[in-house]
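Given next are the chains, with one letter for each unit.
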Amino acid sequence: MIGRPTAVALIAAGVVLTATAMVLPWYSTAYAGGVEVVVRAWGTEVVNKPGDWPAGDLSPWYGLPVAVTAALLVAGIWVNRAALAGAAAQLGALGITAALVVSDRGHAIEQQGDFALGFGLVFLVIGTLTALVGAISVQREAA
Amino acid sequence: MKLLSTALLVAAAAAAVAATFLPLSELLIRLTPDQPQTAYVTTGWATHFGGTKDEHGPLFGIPAVVAAAAILTGVRWRKVAFAGAAALAGVTGMLFVYLLNAISFHKAGNIAIDPGLQAGFGNGVWVLIAAVVLAFGAVAVHPDD
């Protein structure tokens, strides 16, 4: 038992880390000729994009579901159950992100690209786990 | 109520697992105007372009099955069922964003050039959404609180 104030502090820390993840790069692949594909929460950016590349004009907003789960985490500071919903949903969303990262890494290596994880993804993982520990602790305190 | 919540949780978990084997998105692609259409199909376990399998296709099935396992464990504990349902909702939400972009990208590019092509969600997505609804329904009638 870590006590409710500590548990709530963990949830709050999880929110801050998640919010930071939303503005940092999640992962990137550098190709020959200085071309770099950078995946972020609010779209994929292609640096030095060659003219015939279709990528980057329309890209997924992975930050959208994460913003919803982060909002649930914030609500969880006052409503215990919202924190559990937010942390669990964020973990689920992170699972899909992990599947995409492994896939994109495989494609990048196959095409002689230089794949690198970004701080955004690191913050998202730590933030999600921190919030989850806080949310579970709050539930245990309430029980 | 216990029997009903158990039945709903089992149904939700089964639907979530079944969804991973169904198409999540189906895009019809034509590489050149004189080529026949080829289906680009993504499931939870593989991505196929016609008869060719993408060796690095994303394994969306793994997080979906993990969430389904949590939902099944929730037969005993209501809070675990709730967390499992929320996790499956997170899986579905992030997957929806990814697939929606892939479909929109195809529509804005290939289909704008060749209206004979098509793109859309596969039945797996609708089954996955139904699994989320079933799971939250089970939580609502779960007697352990």
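Residues numbered from 1 in each chain as written. Chains lettered and ligands numbered in written order. Predicted model: local features only at pLDDT ≥ 70, side-chain atom pairs only at ≥ 80, totals over all residues. Heavy atoms only, no water.

Examining the overall build of chain A
On a plain count of helices and strands, chain A comes out with four helices and four strands. In sequence order, chain A lays out its α and β elements as α-β-β-β-α-α-β-α. Each principal axis of the C-alpha atoms in chain A carries an extent, and together these give about 60 × 25 × 20 Å. Residues classed as buried in chain A amount to 47% of the 143 residues present. Long-range pairs, those at least 24 residues apart, make up 58% of the contacts in chain A with a sequence separation of at least 6. Total accessible area on chain A is roughly 6,600 Å²; 68% of this is exposed by carbon and sulfur atoms. (Helix = DSSP H or I, 4+ residues; strand = E, 2+ residues; numbered from the N terminus. Buried < 20%, exposed > 50% of the residue type's maximum accessible area, 1.4 Å probe, protein only. Contact = heavy atoms within 4.5 Å. Areas by Shrake-Rupley, 256 points an atom, 1.4 Å probe, with all protein chains shown as cover.)

What to know about helix α1 (residues 4–21) of chain A
Residue and element names in this part refer to chain A. Taking 1.5 Å of rise per residue, the 18 residues of α1 would be expected to cover 26 Å, and the 26 Å separating its terminal C-alpha atoms lies within 8% of that figure. Looking only at α1, the buried set comprises Ala7, Val8, Ile11, Gly14, Val15, Thr18 and Ala21. For α1, the buried positions fall inside an angular range of 135° around the axis, keeping them on one side. Of the residues in α1, the exposed ones pointing more than 90 degrees away from the buried face are Pro5 and Val16. The elements touched by buried residues of α1 are α2 (63–75), α3 (80–110) and α4 (119–142). (Expected span 1.5 Å × (residues − 1). Arc of directions from axis to C-beta.)

Some remarks on the side chain of B:Ser5
Mapped onto the elements, B:Ser5 comes out in helix α1 (residues 2–21). Those residues within four positions of B:Ser5 in sequence are excluded, and the remaining contacts are B:Ala138, B:Val141, B:His142 and B:Pro143.

Here's the deal with the UniProt feature "signal peptide" (unreviewed entry) in chain B
Under the feature "signal peptide" (unreviewed entry), the UniProt entry names residues 1–18 of chain B. Regarding residues 1–18 of chain B, the helix share stands at 94% and the strand share at 0%, and the terminal C-alpha atoms are separated by 25 Å. (UniProt positions renumbered as here; feature names shortened; annotations may be inferred.)

Things to note about the layout of surface pockets
Of the voids in this model, the second largest pocket is the one considered here, and its volume is about 580 Å³. What lines the second largest pocket is a set of 25 residues, among which A:Leu84, B:Lys79, B:Val80, B:Ala83 and B:Gly84 lie closest to the centre. Looking at the lining of the second largest pocket, the elements that each hand over two or more residues are α3 and α4 of chain A together with α2 (61–73) and α3 (78–113) of chain B. (1 Å grid on protein atoms, 1.4 Å probe; cavity = no way out; pocket = protein on both sides within 12 Å on 5 of 7 lines; lining within 4 Å. Points joined across faces, edges and corners; volume = space filled by probe spheres on them.)

A closer look at the interface of chain A and chain B
Interfaces are frequently sized by the accessible area removed from exposure as the parts join. The interface is formed by 28 residues belonging to chain A together with 25 residues belonging to chain B. When the area that chain A buries against chain B is broken down by residue, the three leading residues are A:Leu58, A:Arg81 and A:Ile96, summing to 28%. On the surface where chain A and chain B come into contact, there are zero salt bridges. The interface formed by chain A and chain B holds five residue pairs in polar contact (both at pLDDT 80 or more) in total. Mapped onto the side of chain A that touches chain B, the elements with two or more residues apiece are α2 and α3 of chain A. Tallying contributions element by element places α3(A) first for the side of chain A that touches chain B, with 16 residues. Of the residues in the side of chain A that touches chain B, the class split is 18 nonpolar, eight polar and two charged. (Buried area = accessible area lost by both parts, 1.4 Å probe. Salt bridge = Lys/Arg side-chain N within 4 Å of Asp/Glu carboxyl O. Polar contact = N/O pair within 3.5 Å; in protein donor to acceptor, adjacent residues only side chain to side chain. Nonpolar A, V, L, I, M, F, W, Y, C, P; charged D, E, K, R; others polar.)

Things to note about the confidence of the model for chain A
Summarising the model, chain A shows a mean pLDDT of 92, and 94% of its residues fall at 70 or more. Across chain A, the secondary-structure element scoring lowest on mean pLDDT is strand β3 (residues 43–47) of chain A, at 90, and the one scoring highest is α2(A), at 97. (pLDDT = per-residue confidence, 0-100.)

Digging into the pattern of salt bridges
Taken as a whole, this structure holds one salt bridge over all chains when the rule is applied. Two residues, A:Glu45 and A:Arg40, come together in a salt bridge whose shortest N-O distance is 3.5 Å.

Focus: the nonpolar core
Membership of the largest hydrophobic core comes to 57 residues, with the highest contact counts inside it found for A:Trp26, A:Tyr27 and B:Leu88. At the level of elements, β2 (36–40), α3 and α4 of chain A together with α1, α2, α3 and α4 (123–141) of chain B are the ones that each hand at least two residues to this core. No other element matches the twelve residues that α3(B) contributes to this core. Here B:Leu88 is in contact with B:Ala16, B:Ala64, B:Ala67, B:Ile71, B:Leu128, B:Ala131 and B:Val132, once residues within four sequence places are set aside. (Core = buried A, V, L, I, M, F, W, Y, C linked by side-chain atoms within 4.5 Å.)

Here's the deal with empty space enclosed by the protein
If you roll a probe as big as a water molecule over the atoms, it shows you where there is empty space left. In this structure the tally under the stated criterion is one cavity of 30 Å³ or more. Reported here for the largest cavity is a volume of approximately 40 Å³. Here the lining of the largest cavity is built from residues that sort into five nonpolar, three polar and no charged.

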